[in-house]
Amino acid sequence: MPKTNNIEKAVKLIRKAKYGVAFTGAGISVDSGIPPFRGEGGLWSSVDPIYLEIEFFNKKPLQSWKVIKEIFYDKFSQAEPNLAHKILAKMGERGFIESVITQNIDNLHQQAGSKPVFELHGNYRQLVCTDCNTEYDSSFADLNFLPPSCYICKGILKPDIVFFNEEIPHFPLKRSFEEAEKCDLLLIIGTNAEVHPANAIPVMAHKHGAKIIEINIRESYLTESLTDLFLCGKASDVMGEIGKKLYL
Ligand code: APR
């Protein structure tokens, strides 16, 4: 659990900030039952990331879809926002943060009520046709028959998430960079912040003078270089403590 004085310091920084922004990664959803990508128990230790490479998907969509369905659609659809997502949403409502930038595709920030949420890696709940670009809510597709196909042109549908070697969608990236430059506090929760270009966000915020609070179960490479205040612990525990002190 985090040291109380650190929670108090964090709460002071949050209260003092004029423009707070949250930047989240897989670690915030671990307490919702979604595994992280890297490290012990991480997805990439049991699943070959090749299935999420765009070249592989384009060549062998059925093979990719079988894996994607199991890891994302069968598991994510059961997950609920945890206390960390909920406190973040309340912080948004009360004006302590202005936006959430996330690398997660699990839709849990939106389910908790955060807005706006800038999704750098897309959202598994949306599907897009690889031929005519029509977008669908995933509930429209019957994933018992893979790969799912477009109702309009019969093209293959792809989850609207950013595969490896695919570009990050322009709008959320642009808005995230603007938020990183504008914020005077960046609350980083549960990310290794290693993946490009999302890893530029803490660097930009720091360069523009923002204070950096980092919440993680272990130190990341950011901790030494950029972080002003490190809160060691599970996202839901630490955010729960912060929420109490902010009377949320
Ligand atoms: N609370 C807080 N932090 C946690 C918790 C927890 N309960 N559990 C794990 N963490 C931390 C880990 O210590 C690690 O720093 O969350 C981080 C998860 O790191 P990654 O698995 O690398 O996830 P992330 O940083 O979001 O990855 C970025 O990489 O593979 C791509 O597209 C994928 O969006 C993903 C991107």
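Residues numbered from 1 in each chain as written. Predicted model: local features only at pLDDT ≥ 70, side-chain atom pairs only at ≥ 80, totals over all residues. Heavy atoms only, no water.

Trainee: Explain the overall build of the protein here, please?
Mentor: Helices and strands together make up the secondary structure of the protein, namely nine helices and nine strands. For the protein, the C-alpha radius of gyration of 18 Å lies close to 18 Å, the compact-globule estimate for 248 residues. Here the C-alpha coordinates of the protein stretch approximately 55 × 30 × 30 Å along the principal axes. Counting across all 248 residues of the protein, residues that qualify as buried make up 52%. Long-range contacts, defined as pairs at least 24 residues apart, comprise 67% of the intrachain contacts of the protein with a sequence gap of at least 6. With the model as given, the accessible surface of the protein reaches about 12,200 Å², and the carbon-plus-sulfur share is 50%. Averaged over its 28 positive side-chain charges, the protein has a centre that lies 6 Å from the centre of its 31 negative ones. (Helix = DSSP H or I, 4+ residues; strand = E, 2+ residues; numbered from the N terminus. Rg over C-alpha atoms; globule rule 2.2 N^0.38 Å. Buried < 20%, exposed > 50% of the residue type's maximum accessible area, 1.4 Å probe, protein only. Contact = heavy atoms within 4.5 Å. Areas by Shrake-Rupley, 256 points an atom, 1.4 Å probe, with all protein chains shown as cover. Lys, Arg positive; Asp, Glu negative; His and termini not counted. Charge placed at Lys NZ, Arg CZ, Asp CG, Glu CD.)

Trainee: Would you take a moment to explain the side chain of Glu179 for this structure?
Mentor: Residue placement: Glu179 occurs in helix α6 (residues 170-182). Of the residues examined, Glu179 reaches a relative accessible area of 2% and is grouped as buried. Dropping the residues within four chain positions of it, Glu179 is found in contact with Tyr19, Val21, Glu98, Ser99, Ile101 and Phe118.

Trainee: How should I be thinking about helix α4 (residues 83-93) in this particular structure?
Mentor: Since the α-helix packs 3.6 residues into each turn, any two residues three or four apart lie on the same face. Taken together, the buried positions of α4 are Ala84, His85, Ile87, Leu88, Ala89 and Met91. Sitting at the amino-terminal end of α4 is Asn82, which places a side-chain oxygen 2.7 Å from the backbone nitrogen of Ala84. Backbone geometry just downstream of α4 places Gly95 in the positive-phi region, at approximately 80°. (Polar contact = N/O pair within 3.5 Å; in protein donor to acceptor, adjacent residues only side chain to side chain.)

Trainee: For this particular structure, what's the right way to read the site of the ligand?
Mentor: The local shell around the ligand holds 23 residues, among which Phe37, Arg38, Thr191, Asn192 and Asn216 are the closest. Note that a nitrogen atom of the ligand is positioned 2.9 Å from one of the backbone N or O atoms of Ala235. Notes on the ligand: free accessible area 740 Å², of which the protein chains cover 95%. Each of domain 1 (1-34 + 81-121 + 168-248) and domain 2 (35-78 + 125-161) contributes no fewer than three residues to the shell around the ligand. (Near = heavy atom within 4 Å. Domains from an automatic or database assignment.)

Trainee: Is there a simple way to explain the domain arrangement of the protein in this structure?
Mentor: Accessible area lost on assembly of the parts is the figure often given for the size of an interface. Partitioning the protein into domains gives domain 1 (1-34 + 81-121 + 168-248) and domain 2 (35-78 + 125-161). Opposite the twelve residues of domain 1 that make contact, domain 2 presents eight residues. Summing both partners gives a buried area of about 940 Å² for domain 1 against domain 2, and 68% of it is carried by carbon and sulfur. Considering only the side of domain 1, the residues that lose the most area to domain 2 are Ala26, Ile34 and Ile105, jointly responsible for 48% of the buried surface there. Linking domain 1 to domain 2 there are zero salt bridges. Inspection of the domain 1/domain 2 interface yields zero residue pairs in polar contact (both at pLDDT 80 or more). Along the lines of polarity and charge, the residues of the side of domain 1 that touches domain 2 split into five nonpolar, five polar and two charged. (Buried area = accessible area lost by both parts, 1.4 Å probe. Salt bridge = Lys/Arg side-chain N within 4 Å of Asp/Glu carboxyl O. Nonpolar A, V, L, I, M, F, W, Y, C, P; charged D, E, K, R; others polar.)

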